[in-house]
Amino acid sequence: MKDSTYKLIVTLLVLTIIIGGGVLLYQQLAGSVSLDNQMQGGENTTQNYAPDFSFVDGDGAEHRLSEYRGKPVILNFWASWCGPCKLEMPHFQAAWDTYAEQIQFLMVNVSSGMGDSREKSSKFLTDGNYTFPVFYDDSSEGTIAYGLRGVPMTVFIDAEGYIQNVARGMLSKDQLENAIQSLLSD
């Protein structure tokens, strides 16, 4: 009797863990991310200047975030192995197709610090017919500056260089559109 009770308890515990994990995964994939107006430490992002960092383009030319002041910026950190990143990429492509003249899109692959490579990301981009500008955080400078704990992470920066919103996790099409409208109205 004790052996069957033990097996039942273990089975229920395993089942609870599996269901809990499934619920968390569903929430992540369903776009349950909120734009939190928060960066590290709980500071209000409307008061935070976006940390500057360098990154490179596909040809190896170095760029800095500060080069893009004067135009709103959508800074997205992603990796080709990241399922939620892959799911939100079509939304970013559609947004770039619509807003490329008004907003600078910086799609930054975390190639060095999180186990991705240029080869894998290039194949993913080519296979998906993505045409937005892609950059690489080869030195992990952006990953460190923004306290990146996971991907995707999207930072919405106004034309003056202040962080307006931060989304940690996958954005739905509507969430991205709402954040863009908020960024353009500032």
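One can find the structure itself at the top, above this paragraph.
Described below are features of the structure shown in this document.

### Quick look at the pairing of strand E6 (residues 153-157)
Okay, so step 1: Burial of E6 is extensive: 5 of the 5 residues sit out of reach of the surface.
Okay, so step 2: In E6, alternate side chains face the same way, and those of Met153, Val155 and Ile157 on one face and Thr154 and Phe156 on the other are all buried.
Okay, so step 3: Sheet analysis places strand E3 (residues 73-78) next to E6, joined by 5 bridges and oriented antiparallel. Following the sheet pairing, Asn76 is matched in E6 by Thr154.
Okay, so step 4: Here 5 bridges tie E6 to strand E7 (residues 163-168), and the two strands are oriented antiparallel to one another. Looking at E7, one finds that Ile157 is bridged to Ile163.

### Some details on the side chain of Asn109
Okay, so step 1: Among the structural elements, Asn109 can be located in strand E4 (residues 104-109).
Okay, so step 2: What makes Asn109 buried here is its relative accessible area of 0%.
Okay, so step 3: Once residues lying within four places of it in the same chain are set aside, the contact partners of Asn109 are Trp78, Ala79, Ser80, Asp116, Ser121, Phe135, Tyr136 and Asp137.

### A few points about the sheet that holds strand E5 (residues 134-136)
Okay, so step 1: Across the sheet, 7 strands lie side by side as E2-E1-E5-E4-E3-E6-E7; this open sheet has mixed pairing. Whereas interior strands pair on both sides, the edge strands pair on one side only; in this sheet they are strand E2 (62-64) and E7. Averaged over all pairs of adjacent strands, the angle between strand axes in this sheet comes to 30°, irrespective of strand direction.
Okay, so step 2: Packed on one face of the sheet, helix H3 (residues 118-127) meets strand E1 (54-57), E3, E4 and E5 and runs near 170° to E5.

### Here we look at helix H5 (residues 173-185)
The α-helix winds at 3.6 residues per turn, so residues separated by three or four positions along the chain end up facing the same way.
Okay, so step 1: With 13 residues, H5 should reach 18 Å at 1.5 Å per residue; the first-to-last C-alpha distance of 18 Å fits that figure.
Okay, so step 2: Turning to H5, its buried residues number three or more, namely Gln175, Leu176, Ala179, Ile180 and Leu183. Seen along its axis, H5 keeps its buried residues to an arc of 135°; they face one direction. For H5, exposure combined with an orientation more than 90 degrees from the buried face picks out Lys173, Asp174, Asn178 and Ser185.
Okay, so step 3: Check the buried side of H5 and you find it contacts E3, helix H2 (83-99), E6 and E7.

Thresholds, definitions, all that
Residues numbered from 1 in each chain as written. Predicted model: local features only at pLDDT ≥ 70, side-chain atom pairs only at ≥ 80, totals over all residues. Heavy atoms only, no water. Buried < 20%, exposed > 50% of the residue type's maximum accessible area, 1.4 Å probe, protein only. Helix = DSSP H or I, 4+ residues; strand = E, 2+ residues; numbered from the N terminus. Pairing = 2+ DSSP bridges. Contact = heavy atoms within 4.5 Å. Axes fitted to C-alpha atoms, helices over the stretch in contact; angles between N-to-C directions. Expected span 1.5 Å × (residues − 1). Arc of directions from axis to C-beta.

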